[in-house]
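Working through the structure, step by step
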Amino acid sequence: MFKTVLFPVDQSREAREAADVVTNIVQKYSSRLVLLSVVEPPEGESANPDAMASPVAVAELLKTAQSLFADQGILADVMEREGKAAFTICDVADEIDADLIVMGSRGLGLTEEGSTDSVTYRVINLSPCPVLIVP
C-alpha cells in the first residue's frame, strides 16, 4: 500500500514521537523509508533562531535518525535539501514518488502567525500524496 514513505525530520519532540508511527508503517508494508531534513537559510534579523539553519546540525540529525531506524532493522535513505521546509518537503515527495508523508503535528516551523502558517499546515495543502499527521 505504501511503497515509499517520506519522513521529514527536525529537532522537535513531535518528530521524535512520529518516528514510532513511521517504524510501524514501514515494517507493516515493507516500505522504502526516506528521511528528509531541510536546511532553512536565515532571513535577515527576523530569522527564527530555532530553525534548521546549520548544515552540520542537519547532517548530524539525519545520521542519528538513520541509526535509530537501523536499530529497528529499517534501512533508511537520507536526503538533505535547502529551502523553505514545506515547499521542499512537497517537492521531494513528488520527486521520489512518495505514497505517504508522515510528520509531527507541530515541528519547529510554527511561526508567529500561528498554525495556519506552520510547515505542517502548508504540507497538508500542497502535498502530492496523503499526509499522516502524528499528534
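Preceding this paragraph is the structure being described.
Presented here is a report on the structure given in the accompanying data block. (Residues numbered from 1 in each chain as written. Predicted model: local features only at pLDDT ≥ 70, side-chain atom pairs only at ≥ 80, totals over all residues. Heavy atoms only, no water.)

Moving on, we get to the nonpolar core. In terms of nonpolar packing, the biggest core is built from 22 residues, with Val5, Phe7, Val22, Leu33, Leu35, Phe69 and Val102 touching the most fellow members. Of all the elements in the fold, those that place two or more residues in this core are β1 (4–8), α1 (13–29), β2 (32–39), α2 (55–71) and β4 (100–104). Discounting chain neighbours no more than four positions away, the residues touching Val22 are Phe7, Leu33, Phe69 and Val102. Grouped together as the second largest cluster of nonpolar side chains are 18 residues, Val38, Met79, Ile96 and Val119 included. (Core = buried A, V, L, I, M, F, W, Y, C linked by side-chain atoms within 4.5 Å. Buried < 20%, exposed > 50% of the residue type's maximum accessible area, 1.4 Å probe, protein only. Helix = DSSP H or I, 4+ residues; strand = E, 2+ residues; numbered from the N terminus. Contact = heavy atoms within 4.5 Å.)

Further remarks concern the packing of aromatic side chains. A complete count under the given rule lists 2 aromatic pairs for this structure. For the ring pair Phe2 and Tyr29, a centre distance of 5.2 Å and an interplane angle of 90 degrees mean the geometry is edge-to-face. Here Tyr29 lies in helix α1 and Phe2 lies in the segment before β1, a separation of 27 residues in the sequence. Taking the centre distance of 6.0 Å and the plane angle of 85 degrees together, the rings of Phe7 and Phe69 count as edge-to-face. With Phe7 in strand β1 and Phe69 in helix α2, this pair connects stretches of sequence that are 62 residues apart. What makes Phe7 buried here is its relative accessible area of 1%. (Phe/Tyr/Trp six-rings, centres within 6.5 Å; stacked < 30°, edge-to-face > 60°.)

Here we take up the environment of Thr120. One can find Thr120 in helix α4 (residues 119–126). Residue classification places Thr120 among the buried positions, given a relative accessible area of 8%. Measuring from C-alpha to C-alpha, the distance between Thr120 and Met103 comes to 7.5 Å, with 17 residues separating the pair along the chain. For Thr120, the side chain forms a polar contact with the main-chain oxygen of Ser105, separated by 3.4 Å. (Polar contact = N/O pair within 3.5 Å; in protein donor to acceptor, adjacent residues only side chain to side chain.)

Turning our eyes to something else, we now look at the pattern of salt bridges. The full count for this structure, using the stated rule, is 4 salt bridges. With its nearest N and O atoms 2.9 Å apart, the salt bridge here joins Arg32 to Asp77. With Arg32 in strand β2 and Asp77 in strand β3 (residues 76–82), the pair connects residues that are 45 residues apart, well separated along the chain. A relative accessible area of 36% places Asp77 in the partly exposed class. We note a salt bridge from Arg81 to Glu95, for which the minimum N-O separation is 2.8 Å. A residue pair is termed long-range when its members are at least 10 positions apart, and Arg81 in strand β3 and Glu95 in helix α3 (residues 85–95) qualify at 14 residues. A single salt-bridge network, built from bridges that share partners, covers Arg13, Glu14 and Glu17. (Salt bridge = Lys/Arg side-chain N within 4 Å of Asp/Glu carboxyl O.)

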